[in-house]
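Coordinate inspection notes
Here's the letter readout for the chains.
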Amino acid sequence: MFRCAFLILFLALGNELHLSHGTEVSVNNTENKLCLYANLMVNFSVTYEVGVNKNETVLFVLPENVTTEGSTCDNTTSTLKLSFGDGHSWTVEFAIKNKTYQVDTIVFSYNLNDSSVFPNSTSNETMSVTGKSIITNVSVDTYYSCKSEDVLTVESVIQTLYDVALQAFVINGSKSDKDTVCSADMTSTTVAPTTTVTTTAAPTSTPTLPTPTTGKYSITPDVNSTACLIATFGLRIGYKQGDKEETINLVPNMTEVGGACRANSSDLKLTSDTINITFTFSNDGKKFHLHALNVTVIPATGATVVAANTNMSIWAAAVGSSYMCNKEQTLNVTDTLTLYTFELRVQPFEVNKGEFATAHECSLDDTSILIPIIVGAALAGLILIVVIAYVIGRRKTYVGYQTL
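These lines cover the structure that appears in this document, whether it is placed above or below. (Residues numbered from 1 in each chain as written. Predicted model: local features only at pLDDT ≥ 70, side-chain atom pairs only at ≥ 80, totals over all residues. Heavy atoms only, no water.)

Points about the overall build of the protein
Keep this limit in mind: Helix and strand definitions follow DSSP, with helices as H or I runs of at least four residues and strands as E runs of at least two, each counted in order from the N terminus. For every residue, the accessible area obtained with a 1.4 Å probe (protein chains only) is divided by the maximum for its type, and the residue is called buried under 20%, exposed over 50%, and partly exposed between those limits. Whether two residues touch is decided by their heavy atoms; if any such pair falls within 4.5 Å, the residues are in contact. Using a 1.4 Å probe, the Shrake-Rupley method yields the accessible areas, and only the shown protein chains count as cover for residues.
Secondary structure summary: the protein contains two helices and 29 strands in total. Counting across all 404 residues of the protein, residues that qualify as buried make up 44%. Restricting the contact set of the protein to residue pairs at least 6 apart, pairs at least 24 apart contribute 56%. Split by element, the accessible area of the protein, about 21400 Å² in all, is 53% carbon and sulfur.

Structure below.
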């Protein structure tokens, strides 16, 4: 085995309603020839301890700013190690067998002493989880391609890979133009996130569900405290399964409530047999907003659907007030999953006596914006009538002069 010299390239991909970047890495060998290539996106969800019987969950992504120190290439094995932040790393172990190669293991190490990622952690240790990947039977001299999500859950860590292009054991220093496509892409219509999507046939959909029941949710730090986060809403999730668009409602009386309240961020975690969803709110001292969503849908049939978005800025209101939207709201979390909320009201910070404060209403509810429109339309109509009357009057006067 020999150590490698490395060349790192970073690619930022924009999408308003999806995680907004990708990481492209090229690893060169000692002869300065490409030996390993990766272009992919990874979301992390990590649950960790912040006190006695208290946990918090954070969401973050594999960043653009990574290093590849520790990566290696060999004739039969290769290692891609991406290090980032304060002591975090993501390592992929490749092995070749006959005319195919595969990913043997994926090791994720995270430093709980990094307070910027894991605030209030009771541990300062670096933890590691090791999981088996489904990336197998990749033909030599092809790259593995998978637009679909591959979810790897180990202990308290969920890793979601998507938009993946990987090639180990590169021949002659050139990335192959041929790909080995994952089975999920061959059996579904999932595509890379884009701003505009064009389809040649309308997808089938399930029958319309009744309006979801409005649930009341709250987070209380301990039994002797009042709520620090309160929310009420009905929730429906729409998601794609192959060529079908499915919908499912959250049932409040079959849902467990969890979460945590902090000075600058709060989490509301709802868990049922079919839906797991975490809302993460943040504030800058003056205003709060919904910052991140992590959604898992476990349908009765078909594959588990996982979606995450950590770059959001919606449901904004002043700290100490609440946000309200009674009308149905549609939120595109990713290009494969959509949230629909009904009779929404939420206050994630500075709750007093467990009651909602004055609400900031969404534009869908705020009828006050119609008043200037109506007044303006009335004035425009009045002006038009005056102008028409003036023109008619002038014409009659002119005709009278001609007669005389």
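Comments concerning unusual backbone geometry
Of note in the backbone geometry, N98 takes a positive phi value of approximately 55 degrees without being a glycine. Judged by relative accessible area, which is 73%, N98 ranks as exposed. Even without being glycine, W315 reaches a positive phi, approximately 55 degrees. Relative accessible area serves as the criterion here: at 5%, W315 is assigned to the buried category.

Brief notes about the nonpolar core
In plain terms, the rule: Joining through side-chain atoms within 4.5 Å is the link that ties buried Ala, Val, Leu, Ile, Met, Phe, Trp, Tyr and Cys residues into a set, and such a set is a nonpolar core.
Counting residues in each nonpolar core, the largest one holds 43 residues, and the members touching the most others are L80, W90, F94 and F108. Dropping the residues within four chain positions of it, L80 is found in contact with V25, V27, L36, A38, S71, W90, T91, V92 and F94. One finds I275, F288, V297 and A307 within the second-largest nonpolar core, a separate group that totals 38 residues.

A closer look at the environment of E361
Its location among the elements puts E361 in strand β29 (residues 359–361). For the pair E361 and Y323, spaced 38 residues apart in the sequence, the C-alpha separation amounts to 6.2 Å.

Overview of the pattern of salt bridges
A side chain of one charge can pair with a side chain of the opposite charge when the charged atoms of the two come close. Stated formally: The rule for a salt bridge is simple: a side-chain nitrogen of Lys or Arg has to be within 4 Å of a carboxyl oxygen of Asp or Glu.
All chains considered together, the criterion is met by two salt bridges. Note that R262 is salt-bridged to E56, the shortest N-O span being 2.6 Å. One end of the pair, R262, is in the loop between β20 (256–261) and β21 (265–271); the other, E56, is in strand β5 (residues 54–61), with 206 residues separating them in the sequence. Put simply, R262 and D267 hold a salt bridge, and the shortest N to O gap is 3.2 Å. On the accessibility criterion, D267 (2% relative accessible area) is buried. Three or more residues joined by partner-sharing salt bridges are found here, namely E56, R262 and D267.

A closer look at the environment of Y323
In this fold, Y323 is placed in strand β26 (residues 322–325). Judged by its relative accessible area of 6%, Y323 falls in the buried class. Put simply, Y323 and A231 are 92 residues apart on the chain and 9.4 Å apart in space, counted from C-alpha to C-alpha. Apart from residues lying up to four places away in sequence, Y323 is in contact with F288, W315, A316, A317, Q329, L344, R345, V346, H360 and C362.

Focus on the packing of aromatic side chains
The relative placement of two aromatic rings is captured by the distance of their centres and the angle of their planes. Heads up, the rule is: Here the aromatic set is Phe, Tyr and Trp, taking the six-membered ring for Trp, and pairing holds for ring centres within 6.5 Å; pairs whose planes are under 30 degrees apart are stacked, those over 60 apart are edge-to-face, and all others are tilted. Here, a charge over a ring is recorded when the distance from Lys NZ or Arg CZ to the ring centre is within 6 Å and its angle to the ring normal is within 35 degrees.
Counting across every chain of the model gives 14 aromatic pairs. A ring pair is formed by F108 and Y110, whose centres lie 5.3 Å apart and whose planes are at 25 degrees; its orientation type is stacked. In terms of burial, F108 and Y110 fall into one category: buried. Between F288 and F349 the ring centres are 6.2 Å apart and the planes differ by 50 degrees, which places this aromatic pair in the tilted class. Within this pair, whereas F288 is found in strand β23 (residues 287–297), its partner F349 is found in the loop between β28 (337–347) and β29, the two being separated by 61 residues in sequence. Among the residues examined, F349 registers a relative accessible area of 4% and is labelled buried. Grouped by ring-pair contacts, the aromatic residues F44, Y48, F60, F84, F108, Y110 and F118 constitute a single cluster. Lying across the ring of Y143, K175 places its NZ or CZ 3.8 Å from the centre.

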